[in-house]
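# Observations on chain architecture
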Amino acid sequence: MMQLNNTHKTLQAIAIYEAIKGVLALLLIMGLVSLLHHDIRHVVLNIIGHFGLNAQAHYPSLVLHWADVLNDSNQQSLFLLGASYAALRLIESYGLWFGHVWAEWLAALSGSIYLPFEARHMWHVPSWSSLLIFTSNALIVIYLAYQLWLRQHRSKKSAKY
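The structure contained in this document is the topic of the report that follows. Everything numeric here is computed off the predicted structure, so don't read it as measured data.

Glancing now at helix α2 (residues 40–50). Taken residue by residue, α2 has Ile40, Val44 and Ile48 as its buried positions. The buried side chains of α2 occupy one side of the element, clustering within an arc of 75° when seen end-on. Looking at the buried positions of α2, the neighbouring elements they touch are α3 (58–72) and α4 (75–97). The first or second residue beyond α2 is Gly52, which carries a positive phi of 70°.

Attention shifts here to the nonpolar core. In globular proteins that are soluble, nonpolar side chains generally tend to be buried together. Counting residues in hydrophobic clusters, the biggest one holds 10 residues: Leu11, Ile14, Ala15, Leu96, Ala103, Ala107, Ala108, Ile140, Leu144 and Leu148. Of all hydrophobic cores here, the second largest spans six residues; its members include Val44, Ile48, Ala67 and Leu70.

Turning to the pattern of salt bridges, a few remarks are in order. The tally for this structure, following the rule as stated, stands at five salt bridges. Of the charged contacts, one joins Arg41 and Asp68 as a salt bridge, the two residues approaching to 2.8 Å between their closest N and O atoms. Taken together, the residues Arg41 in helix α2 and Asp68 in helix α3 connect sequence positions 27 residues apart. Under the relative-accessibility criterion, Asp68 is labelled partly exposed at 26%. Across the pair Glu104 and Arg151 runs a salt bridge whose closest N-O atoms are separated by 3.1 Å. With Glu104 in helix α5 (residues 101–124) and Arg151 in helix α6 (residues 128–160), this residue pair connects regions lying 47 residues apart in the sequence. Exposure remark for Glu104: the relative accessible area of 1% places this residue in the buried category. Overall, Arg151 belongs to the partly exposed group, its relative accessible area being 33%. Through salt bridges with shared partners, a single network forms among Glu18, Lys21, Arg89 and Glu92.

At their nearest, the axes of α4 and α5 sit 8 Å apart, and the two run at 140° to each other. As judged from the angle between their axes, α4 and α5 are oblique. Once α4 is placed against α5, the crossing between them reads as left-handed. Residue-level contacts link Tyr85, Leu88, Arg89, Ile91, Glu92, Gly95 and Leu96 of α4 to Trp102, Ala103, Glu104, Leu106, Ala107, Ser110 and Tyr114 of α5.

Rules behind the numbers
Residues numbered from 1 in each chain as written. Predicted model: local features only at pLDDT ≥ 70, side-chain atom pairs only at ≥ 80, totals over all residues. Heavy atoms only, no water. Buried < 20%, exposed > 50% of the residue type's maximum accessible area, 1.4 Å probe, protein only. Helix = DSSP H or I, 4+ residues; strand = E, 2+ residues; numbered from the N terminus. Arc of directions from axis to C-beta. Contact = heavy atoms within 4.5 Å. Core = buried A, V, L, I, M, F, W, Y, C linked by side-chain atoms within 4.5 Å. Salt bridge = Lys/Arg side-chain N within 4 Å of Asp/Glu carboxyl O. Axes fitted to C-alpha atoms, helices over the stretch in contact; angles between N-to-C directions. Parallel < 35°, antiparallel > 145°, perpendicular 65-115°, else oblique. Left-handed = near helix turned anticlockwise from the far one by under 90°.

Below is the structure:
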């Protein structure tokens, strides 16, 4: 019974983590929607100027680059992609919180899809934040895969008796 309780608490902790990612995605989408009818590059330049930063420096120029990319992109597609990501994370969080097996599968599969991209990013742009994100997601995927394996192993064992 102790093992089951710890597993449930761990799944709820993962659910909270996934819910936070979903809510952050929703907040990002809302921020992007508020910028739809603005010149994003101009907004970013104003922010850089407000903080007295050099627009030619590495990070401010990187933000300006992404502002240009956002201006040139199909914002409706970005909105739909972000909304889909947020919905997936929130549905996954709900299922994990209530201990549904389908949510464990969903979380393990969706999390494993991101791992190669996160590893590549960590390799090319090493930082503590990329290491933390990759490690936390890898541990979650490993934990969920192990739980699914245990469940399968137990069901085969009980079927023999």
